[in-house]
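# Chains, contacts and geometry: an overview
Listed below, chain by chain, are the residues.
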Amino acid sequence: MTLPHLDTAAAESLLAFWRDAGVDACFEDAPVDRTHVAPPPAIKAVARATASIVATAHSGDAVAEARRLAAGADTLEALGAAITGFEGCPLRGMGAQQAVFCRGNPQAEVLVIGEGPGAEEDARGQPFVGKAGKLLDRMLAEAGLEGRVFITNTVFWRPPGNRTPTPAEQAVCAPFVERAFVLLKPKAVLLVGAAASKSVLGVDEGIMRLRGQWKEWRLAEGAVSAPALPTLHPAFLLRQPLAKRQVWADLLSLAARLQVDG
Ligand code: URA
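Not measured: the values here are computed from a predicted model.

With that out of the way, let us pick up the nonpolar core. Counting 40 residues, the largest nonpolar core has Leu 79, Ile 113, Trp 157, Phe 176, Val 189 and Trp 217 as the members making the most contacts within it. Counting residues per element, the ones that place at least two in this core are α2 (41–71), α3 (76–85), β2 (110–114), α6 (167–184), β4 (188–192), α7 (194–201) and β6 (225–231). Of the residues forming this core, the biggest block, eight residues, is contributed by α6. Here Ile 113 is in contact with Thr 152, Asn 153, Thr 154, Val 177, Val 189, Leu 190, Leu 191, Val 192, Ala 196, Val 200 and Trp 217, once residues within four sequence places are set aside. Counting 24 residues, the second largest nonpolar core, distinct from the first, contains Ala 188, Val 192, Ile 207 and Leu 210.

Shown next as structure tokens:
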């Protein structure tokens, strides 16, 4: 076997270049999880089935309790108190400091629904008060919507590490979100980000496809419905500022719709 000719000087020069660029370790293309010892498939299947049965039974009870509490709230203030007293959301026991329900105008024409509280919201007890929230406020104001929105989230407790809330966590909180919708009776709903859009509309399309397209949010029970507009999340805009133009178009569409519908 003949080894390929090795140009030592060229190799050293390339290594020096990588080192100066900050590359100080070598990895394989795909990560290797060396901490994981896979249990035999049969045990895995039993564990999965058990976890799913326990989660379903538990969340069924919690959803029923959330519905009962939400139905008993006749004002947005009472709804906030009901949420604070509700113990059925699993996120409560995962490190959240307090319930985060709403901020904004309780007579607003627009209901804004985001994903869930982050660290700043968890500390201050109000939704969208961090960096992303400030950007959202600025854009709403530019579109002439300042003071015309009531803001909440699909879940009221901060998911650990700011992860996306699971559909089960959103389902447990949904009766409260729906009650806010019934009590506010907004002219329009702005769905901020993929998690809120998918959860509220019950669809599984990507946000890039959904955004900018008006849908109707109609509750199964009760006669409440309103046009709902999915848009991109402001946290995404902080990473991808060019996408602001799409959200700007969505907010102008929202403002125009409010004008047309009076
Ligand atoms: N992101 C959200 O979706 N909601 C908040 O309240 C804050 C950040």
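This paragraph deals with helix α10 (residues 244–261). With 18 residues, α10 extends 25 Å between its outermost C-alpha atoms, agreeing within 8% with the 26 Å of an ideal straight helix rising 1.5 Å per residue. Val 247, Asp 250, Leu 251, Leu 254, Ala 255 and Leu 258 are the residues of α10 that are buried. The buried residues of α10 occupy an angular sector of 135 degrees when projected down its axis, which confines them to one face. Away from its buried face, by an angle of more than 90 degrees, α10 presents the exposed residues Arg 245, Gln 259 and Val 260. Tucked inside the fold, the buried residues of α10 contact β2, α5 (131–142), β4, β6 and α9 (234–239).

Bringing the site of the ligand into the picture now. The immediate surroundings of the ligand are formed by Gly 114, Glu 115, Gly 116, Glu 121, Pro 127, Phe 128, Asn 153 and His 233. A distance of 2.9 Å is found between an oxygen atom of the ligand and a backbone nitrogen or oxygen belonging to Phe 128. One of the side-chain N or O atoms of His 233 is found 2.8 Å from an oxygen atom in the ligand. The protein chains hide 91% of the 240 Å² of surface that the ligand would expose on its own.

Next up on the list: the environment of Val 112. By secondary structure assignment, the location of Val 112 is in strand β2. Judged by relative accessible area, which is 0%, Val 112 ranks as buried. In the structure, Val 112 is positioned 77 residues away from Val 189 in sequence and 5.8 Å away in space, judged by C-alpha atoms. Once residues lying within four places of it in the same chain are set aside, the contact partners of Val 112 are Leu 136, Val 149, Phe 150, Ile 151, Thr 152, Leu 190 and Val 192.

The next subject is the packing of aromatic side chains. Enumeration according to the criterion identifies six aromatic pairs in this entry. Taken together, the ring pairs in this structure connect Phe 86, Phe 101, Phe 150, Phe 156, Trp 157 and Phe 176 into an aromatic cluster. One cation-aromatic arrangement involves Arg 257 over Trp 214; the distance from NZ or CZ to the ring centre is 4.7 Å.

Take the pattern of salt bridges next. Per the counting criterion, the structure on display carries eight salt bridges. Arg 68 is the salt-bridge partner of Glu 65, the closest N and O atoms lying 3.1 Å from each other. Separated by three residues within a single helix, Glu 65 and Arg 68 lie in helix α2, roughly one turn from each other. According to the relative accessible area criterion, Arg 68 is exposed, its value standing at 53%. The residue Asp 137 makes a salt bridge to Arg 103 at a minimum N-O spacing of 2.9 Å.

Among the structural elements, Arg 179 can be located in helix α6. Arg 179 gets classed as buried once you look at its relative accessible area, which sits at 18%. Within polar-contact distance, the side chain of Arg 179 engages the backbone oxygen of Ala 73 at 2.9 Å.

The subject of this paragraph is the pairing of β2. With five of five residues buried, β2 is to be regarded as a mostly interior element. Here β2 shows a buried face lined by Val 110, Val 112 and Gly 114 and a second buried face lined by Leu 111 and Ile 113. As paired strands, β2 and strand β3 (residues 149–153) are joined by five bridges and run parallel to one another. Along β3, the bridge assignment pairs Val 112 with Ile 151.

Here is what the cut-offs are and how they apply
Residues numbered from 1 in each chain as written. Predicted model: local features only at pLDDT ≥ 70, side-chain atom pairs only at ≥ 80, totals over all residues. Heavy atoms only, no water. Core = buried A, V, L, I, M, F, W, Y, C linked by side-chain atoms within 4.5 Å. Buried < 20%, exposed > 50% of the residue type's maximum accessible area, 1.4 Å probe, protein only. Helix = DSSP H or I, 4+ residues; strand = E, 2+ residues; numbered from the N terminus. Contact = heavy atoms within 4.5 Å. Expected span 1.5 Å × (residues − 1). Arc of directions from axis to C-beta. Near = heavy atom within 4 Å. Polar contact = N/O pair within 3.5 Å; in protein donor to acceptor, adjacent residues only side chain to side chain. Areas by Shrake-Rupley, 256 points an atom, 1.4 Å probe, with all protein chains shown as cover. Phe/Tyr/Trp six-rings, centres within 6.5 Å; stacked < 30°, edge-to-face > 60°. Lys NZ or Arg CZ within 6 Å of the ring centre and 35° of its normal. Salt bridge = Lys/Arg side-chain N within 4 Å of Asp/Glu carboxyl O. Pairing = 2+ DSSP bridges.

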